[in-house]
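Here is what each chain is made of, one letter per residue.
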Amino acid sequence: MSVGIVALVVFLGIIGWAAISDGMTPPSSIQTIDPTKVAVTPPFDHPGIRRTGDHSVDAYVVAHIFSFSPSTISIPAGTEVTFYVTSPDVVHGFFIADTAINMTVVPGWVNSAKHRFTTPGTYLLLCNEYCGSGHHFMSGSIVVK
Ligand SMILES: [Cu+2]
C-alpha cells in the first residue's frame, strides 16, 4: 500500500471519528416532519408568514413539484425573516438571489435560515436542485417594500 493511500485512510478516519464523536448533524436535522403528511401538518398545512415581532416574521414554505407555496412573500423593508422550508415529494433547493440563503430541502426534514431584508426590491427565489422535468419553472419571489 502506498503512502498516499495510507495517508488518505488516516485522514478520512480522523474526519469520520471527529464527526461521530462530536455528534455532528446537519443544521437542518433539528426538526423533522412526515413527508406524506406535510399538507395536513401545522404550520405547513397553511404555508405563509406569521408575525413574531415588530420587525420579524417566520415564513413557512413548502417546496413541491414544481413550485413554492407561497410563491410570493411580501414584507416591509427591515424585516428579519426566518424561513422554514420542507418538501413532501423530492429534494428541492431554496436559493434567494442577493442573500446568503441557499438551502437543500429534503423530504422528512425542516430546513431553516434567517435573513434581514433591508433593501426594497424583488428578490428571486429559485430551486437550485434538479427536481424533475418542471424544475426550470420552479421559482418565486420575496417582495420587500
Ligand atoms: Cu427544482
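Structural data are supplied above this passage.
What you see is a predicted model, and the numbers here were worked out from it, not measured in a lab.

Student: Looking at this structure, how should I read the environment of Ser2?
Tutor: The residue Ser2 is located in the segment before helix 1 (3–21) in this model. The class of Ser2 is partly exposed, set by a relative accessible area of 39%. C-alpha of Ser2 to C-alpha of Val57: the two residues are 55 residues apart in sequence and 56 Å apart in space.

Student: Before we go on, may I ask you to explain the sheet that holds strand 7 (residues 92–96) in this structure?
Tutor: Each strand in a sheet pairs with its neighbour through backbone hydrogen bonds, running either in the same direction (parallel) or in the opposite one (antiparallel). Pairing is mixed across the open sheet formed by 5 strands, whose spatial order is 5-11-10-7-8. Bordering the open sheet on either side are strand 5 (72–75) and strand 8 (102–105), each of which pairs with just one other strand. Averaged over all pairs of adjacent strands, the angle between strand axes in this sheet comes to 20°, irrespective of strand direction. In this structure, strand 10 (residues 121–126) lies alongside strand 11 (residues 139–144), joined through 6 bridges in antiparallel fashion. Along strand 11, the bridge assignment pairs Thr122 with Val143.

Student: In this structure, what is going on with the environment of Phe83? I would like to understand it.
Tutor: Counting through the fold element by element, Phe83 comes out in strand 6 (residues 79–86). Between the C-alpha atoms of Phe83 and Asp22, which are 61 residues apart in sequence, the distance is 27 Å.

Student: Before we go on, may I ask you to explain the pairing of strand 6 in this structure?
Tutor: Counting buried residues along strand 6, 7 of its 8 residues qualify, which places the element largely inside the surrounding structure. As defined by bridge partners, strand 3 (residues 56–64) adjoins strand 6 across 7 bridges and the pair is classed as parallel. Pairing of Asp58 across the sheet is with Thr82, part of strand 6. Pairing analysis gives 7 bridges linking strand 6 to strand 9 (residues 109–117), with the strands arranged antiparallel. The residue bridging Thr79 from the neighbouring strand is Phe117, located in strand 9.

Student: So what exactly am I meant to see when it comes to the pairing of strand 7 here?
Tutor: Remark: a regular strand shows side chains that alternate across the two faces of the sheet. Among the 5 residues that make up strand 7, 4 are buried, leaving the element largely enclosed by the rest of the structure. Taking the residues that link successive antiparallel strands as the turn, the strand 7-strand 8 hairpin has 5 residues, and the phi of Asp98 there is positive, at about 65°. In the sheet, strand 7 pairs with strand 10 via 2 bridges, with the strands oriented antiparallel. The residue of strand 10 that forms the bridge with Phe95 is Leu126.

Student: Looking at this structure, how should I read the side chain of Ser141?
Tutor: Within the secondary structure, Ser141 sits in strand 11. For Ser141, a relative accessible area of 16% translates into the label buried. Setting aside anything within four residues of it in sequence, one finds Ser141 in contact with Ser71, Thr72, Ile73, Thr122, Tyr123 and Leu125.

Parameters at a glance
- Residues numbered from 1 in each chain as written.
- Predicted model: local features only at pLDDT ≥ 70, side-chain atom pairs only at ≥ 80, totals over all residues.
- Heavy atoms only, no water.
- Helix = DSSP H or I, 4+ residues; strand = E, 2+ residues; numbered from the N terminus.
- Buried < 20%, exposed > 50% of the residue type's maximum accessible area, 1.4 Å probe, protein only.
- Pairing = 2+ DSSP bridges.
- Axes fitted to C-alpha atoms, helices over the stretch in contact; angles between N-to-C directions.
- Contact = heavy atoms within 4.5 Å.

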